[in-house]
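Structural overview
Chain by chain, the residues run as shown.
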Amino acid sequence: MDLSYTPEEEEFRARLREWLTKALPTLPAKPSPDDWPGRRAYDLGWQRMLYDAGYAAVHWDAAPTLRLIFLEETERAGAPYVGANFVGLLHAGPTIAAEGTPAQRARWLPPILRGEQVWCQGFSEPDAGSDLASLRTRARRDGDAYVVTGSKIWTSHAEVADWCELLVRTDPDAPRHRGITWLAMPMDADGITVRPLRTLAGSAEFAEVFLDEVRVPVANRVGEENDGWRVTMVTLSFERGTAFVGEVVACRRVLGELAREARGNGRWDDPALRRRLGRLDAEFRALWRLTQWNVSEAEASGGVPGVGGSVFKLRYSHARQELYDTAAEILGPGALDLDRPWVLDRLSSLSYTIAAGTSQIQRGIVAERILGLPRGR
């Protein structure tokens, strides 16, 4: 497989670099981490700049290789991350683009691209995290609406969201994976209560969401009733396949910064530390090549990432944790100071073997769908 870029793709890279050089100095000051209304406005403002420059649709309308170049260059330039737009741009938007009707794509995609609406993800529940198919949030059909009752947890950006990609159980008597439906729920509907959750790092980007007979129009269903598990696999393929691409570039940058820090504070003299940094450098280079391979495969199969995303997610989660454990070793006692670089990143890295499917789930996918091993009993 040829992993090199075409002249047209390199031209796209050059244009993007030139635009970033001009656009980034015009950004306003970034709001504080706890100011979620301010962060929403900041993130939507950046998305609007991308839209006006013609780069907004790169996450789902462009070829996967151009998407890869975009994520690589924006991270290297220090451009804002998607932030509050994470679910809309990297989860819900690509899913609607792939599975929605023409009317649904026309209704929901342009506001995401223009930086006008934020989405959150309503998948996990208190008793349905890794085993997502065990979800219990119930949706009862009542005429032209579903009446939804239940609760969700770890709902990203729920406190500032306009819409929620929501998984519900529409047939409690069907086998677990066959009675689930994917809905788009307006977050201003009656019966929704949002309770923010504070993480170990002190941030509150997650929330519990309680649903008390919330009416969601049937027209907001993406895919057929009871076919939501298949649609969800499309969502998760984007989450595991391309959503972390920019972070690989960021980790390679952090690795260089850690090497400079170690040279400056004397820890570079430890040969074991140097070997660890060298191995991590090789690991992230390999992950970048794996990303290119996955993107090339997606491009050849219609744009939806395949199960190779699970290989990436599994290895990247552990490599990221090891990177920030190494940062703690280099910082020494400073690793307990939350104001020092990399300390909060180390805390957040603990979630990566859980978020977007636990490492145990990813190992099962790799074993069964890639290696062809029998299902465990």
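Attention in this report is confined to the structure presented alongside it. None of these values were measured; they are calculated from a predicted model.

1. Overview of the environment of H91
For H91, the position within the fold is in helix α4 (residues 86-99). Engagement of the side chain of H91 in a polar contact is seen with the side chain of Q121, the distance being 3.1 Å.

2. Observations concerning the state of the cysteines
Considering all chains together, one arrives at zero disulfides under this definition. Here C164 stays free of any disulfide, with the sulfur of C120 as its closest cysteine sulfur at 3.8 Å. On the basis of relative accessibility, which here comes to 2%, the residue C164 falls in the buried class.

3. Comments concerning the environment of S317
In this fold, S317 is placed in helix α9 (residues 308-331). With a relative accessible area of 0%, S317 lands in the buried category. C-alpha separation for the pair S317 and S349, spaced 32 residues apart in sequence, amounts to 7.7 Å. Among the polar contacts listed, one links the side chain of S317 to the backbone oxygen of K313, at a separation of 2.7 Å.

4. Considerations on the pattern of salt bridges
Within this structure, the stated rule accounts for 26 salt bridges. The closest approach of N and O atoms between D142 and R215, which form a salt bridge, is 2.9 Å. You can see D142 sitting in strand β2 (residues 138-142) and its partner R215 sitting in strand β7 (residues 206-217), a full 73 residues away along the chain. R346 is the salt-bridge partner of D325, the closest N and O atoms lying 3.1 Å from each other. Here the residue D325 occupies a position in helix α9, and R346 occupies one in helix α10 (residues 343-349), the gap between them amounting to 21 residues. Residue R346 is classed as partly exposed on the basis of its relative accessible area, which comes to 33%. Linked through salt bridges whose partners overlap, the residues forming this network are E10, R13, R17, E72, E73 and R76.

Conventions used here
Just so you know, the residues in each chain are numbered from 1, in the order the chain's sequence is written. Restriction of local features to residues with pLDDT of at least 70 applies here, the model being predicted, together with a cutoff of 80 or more for giving and counting side-chain atom pairs; totals for whole chains, interfaces and linings are based on all residues. Processing note: side-chain calculations cover all non-hydrogen atoms of the structure and skip hydrogens and water entirely. Here a helix means four or more residues in a row that DSSP labels H or I, a strand means two or more in a row labelled E, and each is numbered from the N terminus. Think of a polar contact as two N or O atoms within 3.5 Å of one another; within protein, one of them needs to be a possible hydrogen donor and the other a possible acceptor, and neighboring residues in sequence only count if both atoms come from side chains. Any pair of cysteine sulfurs within 2.5 Å is marked as a disulfide. The rule is simple: take the accessible area with a 1.4 Å probe, protein chains only, and divide by the maximum for that residue type; under 20% is buried, over 50% is exposed, in between is partly exposed. Take a side-chain nitrogen of Lys or Arg and a carboxyl oxygen of Asp or Glu: if they are within 4 Å of each other, that pair is a salt bridge.

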